[in-house]
Amino acid sequence: MPDEQLTSRYTPQWQKIGFQGKDPATDFRAMGMLGLDDLLYLAKNYPSIASRILAASHHSQSWFSFAIVGISMTAYCLRLVRTRQLQYYFYTCGISENVYHEVYCYMFDAFEKHWSSLSPPPSVLDFNQIFRSFQIQMELQILGRDLPILKESRVLETKKRV
C-alpha cells in the first residue's frame, strides 16, 4: 500500500496492489519496463486517481487486480500506438513519452470508472468481456477525436504555454 514499507524484494505485500505472487517481476513479462513505467507515472503524477483505482480494485464483490489490469492497459495503449490510432493525439500534443503516459492514465482512470459504474457489480471473471467492450468504446472516441484527454492533460497545458 502507498504508506507501507516493503519488508523485502520478495514479499506477499505485492499482492495487496494486485500482483499475482511474491515477485512482481513475473507479472511484467509481457510489457516489461513500460508496464512498470506506466504504473509509476500514474502513482507519481496522479496519486489521488491511483489511490481511487486501488481502492476500487479491493471492492468486496467486483474486485480486480490493480497491477494486472494496469499492465493489461499498457498492452492496450501500446497496441493503439502501434496501429497508429493515437496519431492525431501525438500530432496535437507532441510526440513524447509523457503524452503516451497521459493517454495511459486517462485510459486506466476511464476503465475503473466504467467498471465501477456497472450494475450489477461485475466479477473478475467478467474482466475480458468488459475490457473488450471498453476498448471498443475508447476506439470509437478516438476515431471521433473525442478523447477528453486533450482537455484534461497536463502535457497539453504545457505545450500551450511554450
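Structure: above.
So, here is what we can say about the structure in this document.

Rules used throughout
Residues numbered from 1 in each chain as written. Predicted model: local features only at pLDDT ≥ 70, side-chain atom pairs only at ≥ 80, totals over all residues. Heavy atoms only, no water. Core = buried A, V, L, I, M, F, W, Y, C linked by side-chain atoms within 4.5 Å. Buried < 20%, exposed > 50% of the residue type's maximum accessible area, 1.4 Å probe, protein only. Helix = DSSP H or I, 4+ residues; strand = E, 2+ residues; numbered from the N terminus. Contact = heavy atoms within 4.5 Å. Patch = residues over 30% accessible without salt bridge, like charges linked within 9 Å, V, L, I, M, F, W, Y side chains within 5 Å. Areas by Shrake-Rupley, 256 points an atom, 1.4 Å probe, with all protein chains shown as cover. Salt bridge = Lys/Arg side-chain N within 4 Å of Asp/Glu carboxyl O. Phe/Tyr/Trp six-rings, centres within 6.5 Å; stacked < 30°, edge-to-face > 60°.

A look at the nonpolar core
Now for step 1: Counting 40 residues, the largest nonpolar core has Leu 42, Met 73, Tyr 104, Met 107, Phe 108, Phe 111 and Phe 134 as its most contacted members.
Now for step 2: Looking at this core, the elements that each hand over two or more residues are helix H1 (32-45), helix H2 (47-57), helix H3 (66-82), helix H4 (87-93), helix H5 (97-117) and helix H6 (127-143).
Now for step 3: Considering every element that reaches this core, the biggest residue donor is H5, with 11 residues.
Now for step 4: Contact partners of Met 73, with chain neighbours within four places excluded, come to Tyr 104, Met 107, Phe 108, Phe 111, Phe 131 and Phe 134.

Structural notes on a nonpolar patch on the surface
Now for step 1: A surface patch of nonpolar side chains, about 340 Å² in accessible area, is lined by Ile 136, Leu 140 and Leu 143.
Now for step 2: Within the secondary structure, Leu 140 sits in helix H6.
Now for step 3: With a relative accessible area of 57%, Leu 140 lands in the exposed category.

Digging into the side chain of His 114
Now for step 1: Locating His 114 in the fold gives a position in helix H5.
Now for step 2: On the accessibility criterion, His 114 (18% relative accessible area) is buried.
Now for step 3: Those residues in contact with His 114, other than ones at most four positions away along the chain, are Ile 130, Ser 133, Phe 134 and Gln 137.

Some points on the environment of Gly 70
Now for step 1: The topology assignment puts Gly 70 in helix H3.
Now for step 2: Other than its neighbours up to four places away in sequence, Gly 70 contacts Leu 39, Tyr 104 and Phe 108.

Points about unusual backbone geometry
Now for step 1: Of the consecutive residues Ser 119 and Pro 120, the connecting peptide bond is found in the cis state with omega at 0°.
Now for step 2: Turning to its location among the elements, Pro 120 is positioned in the loop between H5 and H6.
Now for step 3: The phi dihedral of Arg 84 is positive, around 65°, even though this residue is not glycine.
Now for step 4: Along the chain, Arg 84 falls in the loop between H3 and H4.

Focus on the packing of aromatic side chains
Now for step 1: As enumerated under the stated definition, the model contains 11 aromatic pairs in all.
Now for step 2: Aromatic side chains Phe 111 and Phe 134 sit 5.3 Å apart centroid to centroid with 80° between the ring planes, which places their arrangement in the edge-to-face category. Separated by 23 residues along the polypeptide, Phe 111 in helix H5 and Phe 134 in helix H6 bring together distant segments of the chain.
Now for step 3: Owing to a relative accessible area of 0%, Phe 111 belongs among the buried residues under this scheme.
Now for step 4: Between Phe 127 and Phe 131, the aromatic rings sit 5.1 Å apart at their centres with planes inclined by 15°, giving stacked as the arrangement. Of this pair, Phe 127 and Phe 131 both sit in helix H6, four residues apart, which is roughly one turn of the helix. In this pair, the class of Phe 127 matches that of Phe 131, namely buried.
Now for step 5: A network of ring pairs unites the aromatic residues Tyr 76, Phe 111, Trp 115, Phe 127, Phe 131 and Phe 134 as a single cluster.

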